[in-house]
Each structure stands twice: as C-alpha cells, then as structure tokens.
Amino acid sequence: MNEASEIQTRQDPEIDFRQLDDIIEGQFGNDKENLIMILQAIQKQYNYLPKPALTYLAAKIKVPVSKIYGVATFYATFSLEPRGRNIVSICLGTACHVRGGDRVRERICETLNITDGQTTPDGRFTLETVRCIGCCSLGPVVKINDDMYGRIGSDEVEKVLNQYE
Amino acid sequence: MKIESIQDLEKIKQQYSSGLYNPGVVKVNVGMASCGIAAGAQAAYDKAAAAFEGDKDVLICQTGCIGFCEAEPLVEIFADGKPRVMYKNITEDRILDAIEDYRNGVSRKKWILGQLRDPRCLLEDDVDNPVDKVEPYEDIPFLEEVPFYKNQVKVALRNCGYIDPDCIEQYIARKGYFAFLDALKNKEPGQIIDIVKASGLRGRGGGGFPTGIKWATCAKHEGERYIICNADEGDPGAYMDRSILEGDPHSVLEGMLIAAFAIGSRQGFIYVRNEYPLAVKRLMTAIKQAESCGLLGDDIAGTGFSFNIKISTGAGAFVCGESTALMASLEGQVGRPRAKYVHTVEKGFRNSPSNLNNVETYANVPPILLKGADWYSGLGTEHSKGTKVFSLVGKVKNTGLVEVPMGISLKEIVFSIGGGVPKKKKFKAVQTGGPSGGCIPEKYMDLPVDYQRLAEVGSIMGSGGMIVMDQDTCMVDVARYFLDFLKEESCGQCNPCREGIKQMLDILTRICQGEGQEGDIELLEELGSMVQKFSLCGLGTSAPNPVLTTILYFRQEYESHIRDKKCPAGVCKKLFHYEIDSEACTGCHVCARKCPQEAISGEKKKPHVIDQEKCIKCGICYDACKFNAIAIR
Ligand SMILES: Cc1cc2nc3c(=O)[nH]c(=O)nc-3n(C[C@H](O)[C@H](O)[C@H](O)COP(=O)(O)O)c2cc1C
Ligand code: SF4
Ligand code: SF4
Ligand code: SF4
Ligand code: FES
Ligand code: FES
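Please read these numbers as outputs of a predicted model, since none were measured by experiment.

Student: Account for the overall build of chain B, with residues named and values stated.
Tutor: Each helix and strand counted, chain B has 24 helices and 18 strands in total. For a compact globule of 633 residues, the expected C-alpha radius of gyration is about 26 Å, and chain B comes in at 26 Å, within 12% of that figure. Expressed as lengths along the three principal axes of its C-alpha atoms, the size of chain B is roughly 75 × 65 × 40 Å. Restricting to contacts in chain B with at least 6 residues of sequence separation, those with at least 24 account for 71%. In the form shown here, chain B has an accessible surface area of approximately 23,600 Å², with 48% of it arising from carbon and sulfur atoms.

As structure tokens, this is what we get:
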C-alpha cells in the first residue's frame, strides 16, 4: 500500500440503506443480472464502493459477497477505495498516445506527485487513465469530472488543474 | 401518438420534412455530439438559445455530428429560399456573429466550411431537394465538394448531423421506420434474411462475419431468442459507434427491430460502454419515444409482434466486446470469454440463441431493405460490399469520421480526405483494426479497403479506427503500447495470452529502454506465433498483430533501438536527446520561456543551447519551436 491510499483508508461513510433500496430494488428490481449497473449506481452515490453497501447488496440480490468482489475487481471502473473530490481521467487511447498523451500524463503525475490510481493526500485529486473516451479528434484528451479538455499541451496542465478545488 | 401503418409514418414525414428543409425561420443547427460539446458546442448553443429566446425568426436546434471533427463546433444555418451554410469553429464568442453574418448575406468566408448542395439523405428520393432552385453563393464551395466530403457516401451516417437525435419525428421525416413497418407488414422473416444475405453486408464490429448468415443460423435454433447490439466500442481510437448512437439512435433501434422480426425475438439488449454517457442518454430518450409511438413494446402496429429493448452499461473492460464475454457481462457476471464449441447463435445470453451485431451493422439494415440488396451490393468490392465508417485520427490534418465505399484506397482516405500529415511532417504508417490490427506502411497505401486485402498485409479492417502515424511516432513504442493495453485487458484465464503477452511486453519494454539484445526480434516472433495459435479468444489470437506487423515493416527501427541504442523518432527517452541546431535557431527564445526545467538558455537572437543535465525530455520545446531548430539525436 502506498502512502497516499493509506491516508485515504478512513472510515466508511454513513450508509443510508433506504437510498440503497431505491437503487437496488427501485431502479433495478433486485435483479442480479443488473449487478454491474447497480454497482455503477452505488459508486455514483458514494464516489466508490463502500464495504457495508456491498454486504447489503449481496443479501438483497442473493449473490455471495465474494462474487460481488470478483465483479467489482474485474471491471476497471470500480473502486473499492474512496476517491478524491476531483477525478482526473487521462486518455491513453491510441489516438491520444500518438499525439503525446503520455507526456501529458507525466506532467500531471509530476504536478500532483501521484501515479495512476492514486489519490493526493489532501483528497483533492484522484488520477485515472482511460483508453479512449471517443473524442480522439481532440487528442490528447484529459477529462476532469465531467469537463473535457482537448488538444491539451503538457505546458497547460498546471493551469487546468488549478481550476479545481 | 400511435403509429400503426405506413400511412401514419407518411403523415409525420410530410409534416416534419418541411421543418427540416423549409423551416420558415432562420434555423441554426449546432452539432452536439460529445466531441462537439467538448470543443465548445454546448456553450455556443446556450449562448444562442438565450439570445434568441422568444424570437420568432430564429430557431436554435441541436443535431448530432456531421463528422468533420477537426473544425468543431460546426453550426449549420439555413432559411427558406437561401443556401444552407455550414460554419466551422463556431465557439461561444462567435455564434452570434455567425448568425448575424448569415442573415446579412454571408461575408465571413473564413468561417465557412461550405454550402450544402443537397441536404437530403439517400432514402429521400421522393422529396424535392430544397436547395435545388436556390441561387448558390459564388465563391463558397459546396460542402459535398470539399476534399473531406468529396468521396464519402453516407449510408450508416445518413442522418448524423442533419436531424435532432432526440426527435423521432425528424428521423421519420427522413424515411425512418419505413423499412421496419414495411418488413413487418409486407414481408416474411425468411425474405428479410434473404435480402440481408444478398446485400453482402458483413459485421462491422471487427470480425466481418456475413450478417445474413448469422441471422439465418440464429433463427434456426429453437428457444427464447435474443437480439443484442454491441456498443462496447473498445478499440481505442475508434468512435463511429458513439457518433451513430449520439447522432441517430433510432437507426440502430430500427435495425434491431428488423433483426428481431426476421429472427423471431421478443427482447433486445444494447450493451454500451459507460464511457459514453451521452450515447446512453440519447438511446434512452429514443427508446421511450419509440415506445410511446408503439414502435417498440407489445403488439406493434397491431400485428401481434412484440419487441422490447433494454440498455445495459459496461464497466471498462475491453474483453467484454468479445461476444461470449459480452453475454456473460450482460448476465451480471465477470466478463470472461468461453470457448465457442457451441456458438452464441445457438447458446448465448441466458443459454439461449442470441444474435449479436455491432451498432454500425444494425444502422445499415434499414437502407438495405428500402433500397434493395442489389443497390447495396453495387457499392464496394467483390468480397466487401457497401460502405464503412472510419475514424480518421492521430497525425492527420482533417481528423473526423468518414464513410466511404469499400474498395477506396488507403491513400485516398488519409491524403485526399484526411489532407495528409500536418506540420510538414513525414507520413510513416496507418494503423487499422486497433489492438487486433496492424500498422500498414507507405508502400501499401494504394491498397483498397477490403476485408481480404487488409488481411493479406497482416492487418484487419477492424471496427474502423484508422490512426495515422508520422515521423515522430516510434513503431517499437507503438507495439509496446498495444501490448501494454492488452496485458491490462487480458482476462487472464488462459496461459498463452496471459503469460505470452506479458513476456512479449517485457522484451519490448527492455528494447525501449535501451536494453535490447540480439535475438530479441526473433524471440518476439516466436512468442507471437505461440500466442496467436494457442489463445482461447480473439483478444489473444490477434494480440501479436501490432508487434508482428511493425517487425515486418519497420525492422530497421527495432534494429536501431537494439544495436545503436537510438530511437530515431525521439520517443523512447533513454535513447535520444534534444539538441538545438545552431544554424536553424533564430534565438526567438520561445522554447526557453516554455521549458518547465529552465534548461534552455541563450541571448536573444543568438542560438540557444539545452542543458542536458536539466532536460527531462518532455518535448515541449520540440513542439514549440517554429523553425524546426530542435533536433532529435
Ligand atoms: C477482444 C475483442 C473485443 C471486441 N470488441 C468489440 C467491440 O467493441 N465492438 C464490436 O462491435 N465488436 C467487438 N468485437 C467483435 C465481437 O466479438 C463480435 O464479433 C461482433 O460484435 C459481432 O457483430 P458484427 O457481426 O455486426 O460485427 C470484439 C472481439 C474481440 C475478440
Ligand atoms: S485469450 Fe486472453 S482474453 Fe481471451 S480468454 Fe484467453 S486470457 Fe482471456
Ligand atoms: S525537452 Fe522539455 S525539459 Fe528538455 S529542454 Fe525541452 S522543454 Fe526543456
Ligand atoms: S524556439 Fe527554436 S528558434 Fe526559438 S530559440 Fe528555441 S530553438 Fe531557437
Ligand atoms: S484515443 Fe483518446 S479519446 Fe480516443
Ligand atoms: S465532430 Fe463529430 S464526432 Fe466529432
């Protein structure tokens, strides 16, 4: 475990089970075929997948917790650790790669002093890499939360990051 | 509003056709696919919508994307009796001026991409061309004749950029759902399958399997059959499926409906990657609209045929694009492929017969039914019929989505349509087929796009990503890049794929770090052929392609990495350094100001130098120098 994520391993948040019911039962009808979408909805709610929520989910849809963990770790979108307030997704798809996406990543890593998958100790940023977000024509592309930055140069990185608290 | 018959469709078409072509106001169509939005289209739209709120003369609308991504945001403005003009790079600070310009008779020529010769789609031969009798502007080119559009034929992309994707009536106005209702009312399922067979349509998801044969096989197997749409679009650098879903979602729904009727299915699924939130949103809207028109749901148009579509989102696993993994993922499982002794058309999703096709494949089906198999098979080459959409990206001037007839040469796509490589750099290769494909060098650029011909040179058609590479792209690094991608994405259940890819990656990483040894190339080839032969699914069997083709065509680059410890393209950091050419340097100081390490010094107007100790090879100076004075050594 690295330092950054150790600091992040704080207490799980209060889980509002009624809210979970709304997702698991209300939106997805307790159907285990919808497991991936349920996990997405839970992650959207809490920014990651808190353990108590997964235990509760397992009982609700009658799937062993171990299987839920299997699914949650197989798919790249899911995080079992709390993430930062701002999610920086650097595209490393082919089109962005040939246009210097890796150099942008290096600048971001240097500026924030973390690498892929890590969160800054102050919880301000989590860094993720993605493989193509479909805006290849604007490559290299960096997405911060829902904002897309296209044709970003490695010299513009700091200015962009500074806009996020 | 329930739609029960072709007459009902005809009525809607009449009514909305005029809105599309003779709106009675100045109509402003802002291209709002996700890349357009990223380029500033949303802000431009909001600004115009606020400025003209309540104005009876100007209507601000959204459309999908018309493909010329390089010039985004694209805004089309038109009014009755005047030419339709496509403005380019219309950001928030320009949109009001652009509208003003159009109303005042068009003088900002530099903002204009072209005027439309004919805005209709290929299905509307019964509608008059609305600009036929309009006097065109002199000295503004026709959009259809600018090099980017000249050789394009839009079948799958027929509506993208022309209609509001959130409006089913506009889709109907361009002959949408006519093919489906006609098939449902007037054709036998077997007849439909025969038409699709005769058209020669092959799967656009990568494999190129004949669609009609797949449908026929699925229809033969008894059980609850499922129709599934593969919108996982995992090939990094490809985004045609996103563009179709965002620009014309109903074309995919209609294709699925036709498949469902032909095969005999009551339930469909669309598996979309969750990196595409806008596509999901537009699909959901489209499904709701189709349901409320009675085009999806129970007893469609009173025929007794029922069909529903559910959307399911992926979660960032490339391997889930593979058919068996996708179906496992749809069931809420881990997406691991299985051996296909029994095909998914017999036992797929929920162990039932399942027909899986790609987004673009489905979007091609309605025009094939309306215009006939002969028309479709008249486009293309002997073994590759129709058109294919490519996303032309990387080191190319006109990046964007292009739809061309099969058989057109790679050269035409990259150089005529794409405008070649920017900044006077030298073309090196074009990569097709994504991580399963290969890098095609300049000497094969006359090759036609055709399933067989691309395979002959070691690549594949793939799903349509076409990534252009120039002198600054290192081919060893590209091979390493793809293997790194595949190592991350391998599901890990079979040894040759899991271990083989890892070993090949280790070797390539060594080579890129200057630790390559004699014999590495041969070892890569050997491992590659082992992985190809013994992996379980397509991810593994095709994984070595990028390595093997780069060795085949760019062996000298591997050799300079291994023997001379040099990276000629200036990518592998341990194998080159930047130097300023004192002859070419004008002393403009631009590089020095941008260098994050303050590694560059020199007096104004005198040649500058780089302090190699401080330099971290970030490349900022190399990109910044306008005089090509920074050299890779
Ligand atoms: C590793 C792997 C990834 C794939 N990814 C996709 C994809 O993202 N989209 C797609 O349509 N097909 C993908 N395919 C191909 C599908 O398995 C399948 O052949 C296709 O969806 C069938 O539809 P089609 O016949 O219309 O092409 C992939 C195949 C493999 C082996
Ligand atoms: S070839 Fe690779 S991705 Fe495919 S099943 Fe085997 S390990 Fe998984
Ligand atoms: S490569 Fe980067 S660090 Fe090196 S001199 Fe150029 S700008 Fe400075
Ligand atoms: S940008 Fe180029 S020309 Fe200007 S000082 Fe630097 S190396 Fe010399
Ligand atoms: S490769 Fe980066 S957005 Fe597609
Ligand atoms: S302009 Fe359209 S997808 Fe980019």
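Read on, since the account is not over.
Student: Mind laying out the environment of Cys621 of chain B, listing which residues take part and the relevant values?
Tutor: Residues and elements named next belong to chain B. Looking at where Cys621 falls in the secondary structure, it is placed in helix H24 (residues 620–624). Using a relative accessible area of 9% as the deciding quantity, one classes Cys621 as buried. A C-alpha to C-alpha distance of 37 Å links Cys621 and Val457, two positions 164 residues apart in sequence. Every residue in contact with Cys621, bar those within four places of it in the chain, is listed here: Cys591, Ile600 and Ile630.

Student: Provide a residue-level description of the site of ligand 2, including the pertinent values.
Tutor: The local shell around ligand 2 holds 13 residues, among which Cys491, Gln493, Cys494, Cys497 and Cys537 of chain B are the closest. Looking at the shell around ligand 2 residue by residue, the classes come out as eight nonpolar, five polar and no charged.

Student: I'd like a description of the packing of helix H3 (residues 41–51) of chain B against helix H4 (residues 92–103) of chain B, backed by residues and values.
Tutor: Packed helices, taken two at a time, are described by the angle their axes make and the gap between the axes. All names here are of chain B. In the contact formed by H3 and H4, the axes pass within 8 Å of each other and the chain directions differ by 45 degrees. Between H3 and H4, the angle is such that the two are oblique. When the axes of H3 and H4 are compared, the crossing they make is right-handed. The segment H3 lies against H4, with Ala43, Ala44, Lys47, Ala48 and Ala51 engaging Glu92, Ile95, Leu96 and Ile99. The residue inventory of the contact of H3 with H4, partitioned by class, reads seven nonpolar, no polar and two charged.

Student: Tell me about the pattern of salt bridges, residues and numbers included.
Tutor: All names here are of chain B. A full pass over the atoms with the stated rule returns 46 salt bridges over all chains. Two residues, Glu145 and Arg117, come together in a salt bridge whose shortest N-O distance is 2.1 Å. You can see Glu145 sitting in the loop between strand E5 (112–115) and helix H5 (147–150) and its partner Arg117 sitting in the loop between E5 and H5, a full 28 residues away along the chain. Judged by its relative accessible area of 41%, Glu145 is partly exposed. Here Glu224 ties to Arg266 by a salt bridge, and the two come within 2.6 Å at their closest N and O atoms. Remark: Arg266 occurs in the loop between helix H11 (249–263) and strand E7 (267–272) and Glu224 occurs in the loop between helix H9 (211–220) and strand E6 (226–231); sequence separation between them is 42 residues.

Criteria and thresholds
- Residues numbered from 1 in each chain as written.
- Chains lettered and ligands numbered in written order.
- Predicted model: local features only at pLDDT ≥ 70, side-chain atom pairs only at ≥ 80, totals over all residues.
- Heavy atoms only, no water.
- Helix = DSSP H or I, 4+ residues; strand = E, 2+ residues; numbered from the N terminus.
- Rg over C-alpha atoms; globule rule 2.2 N^0.38 Å.
- Contact = heavy atoms within 4.5 Å.
- Areas by Shrake-Rupley, 256 points an atom, 1.4 Å probe, with all protein chains shown as cover.
- Buried < 20%, exposed > 50% of the residue type's maximum accessible area, 1.4 Å probe, protein only.
- Near = heavy atom within 4 Å.
- Nonpolar A, V, L, I, M, F, W, Y, C, P; charged D, E, K, R; others polar.
- Axes fitted to C-alpha atoms, helices over the stretch in contact; angles between N-to-C directions.
- Parallel < 35°, antiparallel > 145°, perpendicular 65-115°, else oblique.
- Left-handed = near helix turned anticlockwise from the far one by under 90°.
- Salt bridge = Lys/Arg side-chain N within 4 Å of Asp/Glu carboxyl O.

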